[in-house]
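A look at the structure
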Amino acid sequence: MVEVAYHYLPKIEVSTSIFDQRYLYDLAIRYGTPFFLIDDAVLHLKIIELKNGFIDFSGDVRIAFSMKANFNPAVIKAFISKNLLFDVTSIGELFFYLKCGGIPENVIYTSVTETREEFCEVLEKGVGHIVVGSFNGLLNLIDVALQKNASPRVMIRVNPEVGVKAEVRASYRHGKFGVPLNGPTTDSATSLLRKIHNSGLVFDGFHFHLGSQIENPICFINALEKLEVFVLKMRKEFPDLHVKIVDIGGGTPVSYGSPVPSPEEIGAIVTKKLNTMIQNIGDQFTLIVESGRYLSAEACMLVSKIVNSKVYGGQKFIFVDAGFHLLLDAALLRQEYPQEVVPCTENSENLKINLAGRLCDTYDVFPLSPTSKLSGAEPGKLLIFRNVGAYSIVFNMPFHCQTKPPIVLRKDNGEFVLVRKGETIEELFEEEGGNISTEV
Ligand SMILES: *Cc1c(COP(=O)(O)O)cnc(C)c1O
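Moving on, we get to the overall build of the protein chain. Of regular secondary structure, the protein chain possesses twelve helices and 20 strands. Expected size for 440 residues packed as a compact globule is a radius of gyration near 22 Å; at 24 Å, the protein chain falls within 12% of this value. Seen through its principal axes, the protein chain has C-alpha atoms that stretch 75 × 65 × 45 Å. Buried positions account for 54% of the 440 residues belonging to the protein chain. Taking all contacts inside the protein chain whose residues are at least 6 apart in sequence as the whole, residues at least 24 apart take part in 73%. When the accessible surface of the protein chain is split by element, carbon and sulfur atoms take 54% of a total near 19900 Å². For the protein chain, the centre of its 43 positive side-chain charges and the centre of its 51 negative side-chain charges are spaced 2 Å apart.

This is the structure:
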């Protein structure tokens, strides 16, 4: 596969929300630290930015929110109100989405497990799009659809097996997601397409997901080129094969301090290829762009308090009352969330600062971002972690008997509302079975 050098301009301004520092202290007094703070206005802004990236696409464009990045009901409701599609991966996520008032028609159900029980529920609820990624999963779906006399719309999840430059890759060869276009077993797009053709299912198109935090959009071009060749080849076998949807998955990157290409830059490149694909295959398909990270990361910050400090080995350690139990990717992926001391003041000591969490665990030290501002850090001050809206709240864990922190939402009109109350230690004790008697 060709590697094309791709140059992009650094983002000058990160469009994270700006909060009056006094508000942060007020909220910290009212709700205690740590707490998450979500900005509704940024959620809305991100949809527009992402959609604008594909403005030159010659067909319809739909944006889908990947619920796995953030399942907070306030966030789900914000995206439902903007009529987004939802990338849903489990019956639990489907429950949350429907409870928040979402309509089943707007769900793209992409499961890894693809069980009959799951498809039963999905068909009963009337989910709009189902994505299949294995032959066994397809058989399960056909079976359940027959039983229920339903003809669901399906897409095939393909693994285009392209090289991806990204933090998390999802489409490498022999990976767990989707099926290869061609292959020797029934687990290939060729064989799934044949099976769908003589079943009661309605074929809608193709889906792929290449990875998260994709730094170079060339992988999309390579994937689409392979898909186009595949469609033209399958046309020979099925002259009435029509592609109604192409879902290019997620991966739009967020700047955590280092420059990344914007949706505008990525969209321009990908749109050009999509438009030629429409001409070459002769189908005016709808484009679906999924995103978890881009839509939700920048809208949320974690507000913590500096609770301790020490100087050791010529370095300064700053301890906050947060930890990787709230920001798992800081430990798992060494994710650099831009941190900032509030208020950030001049520092006379010229010591290297290590930012440590409150857990008794070696890995609970936060990697710093190139844009972290830690001067003036001292116990009693607040310290915020920016861009934590994706893949953080969903990983909450009670390691060290830590309770779930509250979540505050700043609404479009500037009003602050508590959208999740903080868990109490008594509640955690009970949840862990502390009140179940073990006496005989
Ligand atoms: C995780 C995932 C996404 C979202 O990825 P982001 O990097 O958050 O944009 C989209 N589609 C599928 C199928 C996924 O698994």
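Back to the text.
As a further point, take the domain arrangement of the protein chain. The assigned domain composition of the protein chain is domain 1 (40-297) and domain 2 (298-431). Relative to domain 2, the C-alpha centre of domain 1 lies at a distance of 33 Å. Listed per partner, the contact involves 25 residues of domain 1 and 25 residues of domain 2. The junction of domain 1 with domain 2 conceals about 2100 Å² of combined surface from both sides, 53% of it contributed by carbon and sulfur atoms. Three residues, Asp40, Tyr256 and Ala297, lead the burial of domain 1 against domain 2; their summed loss comes to 30% of the area buried on that side. Among the elements of the structure, helix H2 (40-52), strand S7 (166-169) and helix H10 (293-296) are those that each provide at least two residues to the side of domain 1 that touches domain 2. Looking at which element gives the most residues to the side of domain 1 that touches domain 2, the answer is H2, with six residues.

What follows is about the site of the ligand. Taken together, 14 residues lie around the ligand, and Lys68, Ser212, Glu290, Arg293 and Tyr391 are the ones closest in. For the ligand, an oxygen atom lies 2.7 Å from a polar atom in the side chain of Lys68. A distance of 2.9 Å separates an oxygen atom of the ligand from a polar atom in the backbone of Gly251. Its free accessible area being 390 Å², the ligand has 94% of it covered by the protein chains.

Our focus in this paragraph is the environment of Glu415. Counting through the fold element by element, Glu415 comes out in the loop between strand S19 (407-410) and strand S20 (416-420). When near neighbours in sequence (up to four residues on either side) are disregarded, Glu415 contacts Leu409 and Arg410.

Below, the discussion takes up the pairing of S20. Pairing of S19 with S20, which is carried by four bridges, proceeds in the antiparallel orientation. Bridge pairing in S20 places Leu409 opposite Val417. In this antiparallel pair of consecutive strands, S19 and S20, the connection spans five residues, and Gly414 shows a positive phi of 90°.

Turning to the pattern of salt bridges, a few remarks are in order. This model, assessed by the stated rule, comprises 17 salt bridges. For Glu105, the salt bridge identified is with Arg153, shortest N-O distance 3.5 Å. Linking Glu105 in the loop between helix H4 (91-99) and strand S4 (107-110) with Arg153 in strand S6 (residues 153-159), this pair joins segments that are 48 residues apart in sequence. What makes Glu105 partly exposed here is its relative accessible area of 40%. For Arg153, a relative accessible area of 31% corresponds to the partly exposed category. Between Glu215 and Lys165 there is a salt bridge, with the nearest N and O atoms lying 2.9 Å from each other. With Glu215 in the loop between strand S10 (211-214) and helix H8 (218-237) and Lys165 in the loop between S6 and S7, this pair connects stretches of sequence that are 50 residues apart.

A word on the packing of helix H6 (residues 135-147) against helix H7 (residues 189-197). Relative placement of two packed helices is described by the angle separating their axes and the distance separating the axes. The N-to-C vectors of H6 and H7 enclose an angle of 10°; their axes lie 10 Å apart at closest approach. By the angle class used here, H6 and H7 are roughly parallel. Only Ser191, Leu192, Lys195 and Ile196 of H7 make contact with H6, whose side of the interface consists of Phe135, Leu138, Leu139 and Ile142.

Going through the model one piece at a time under the given rule, you end up with twelve aromatic pairs. Between Tyr256 and Tyr337, the ring centres sit 5.9 Å apart and the planes meet at 80°, which makes this aromatic pair edge-to-face. With Tyr256 in the loop between strand S11 (245-247) and helix H9 (263-281) and Tyr337 in the loop between helix H11 (328-332) and strand S15 (339-342), this residue pair connects regions lying 81 residues apart in the sequence. For the pair Tyr256 and Tyr337, one class covers both residues: buried. Following the ring pairs from residue to residue traces out a cluster consisting of Phe65, Phe79, Phe86 and Tyr97.

What counts as what
Residues numbered from 1 in each chain as written. Predicted model: local features only at pLDDT ≥ 70, side-chain atom pairs only at ≥ 80, totals over all residues. Heavy atoms only, no water. Helix = DSSP H or I, 4+ residues; strand = E, 2+ residues; numbered from the N terminus. Rg over C-alpha atoms; globule rule 2.2 N^0.38 Å. Buried < 20%, exposed > 50% of the residue type's maximum accessible area, 1.4 Å probe, protein only. Contact = heavy atoms within 4.5 Å. Areas by Shrake-Rupley, 256 points an atom, 1.4 Å probe, with all protein chains shown as cover. Lys, Arg positive; Asp, Glu negative; His and termini not counted. Charge placed at Lys NZ, Arg CZ, Asp CG, Glu CD. Domains from an automatic or database assignment. Buried area = accessible area lost by both parts, 1.4 Å probe. Near = heavy atom within 4 Å. Polar contact = N/O pair within 3.5 Å; in protein donor to acceptor, adjacent residues only side chain to side chain. Pairing = 2+ DSSP bridges. Salt bridge = Lys/Arg side-chain N within 4 Å of Asp/Glu carboxyl O. Axes fitted to C-alpha atoms, helices over the stretch in contact; angles between N-to-C directions. Parallel < 35°, antiparallel > 145°, perpendicular 65-115°, else oblique. Phe/Tyr/Trp six-rings, centres within 6.5 Å; stacked < 30°, edge-to-face > 60°.

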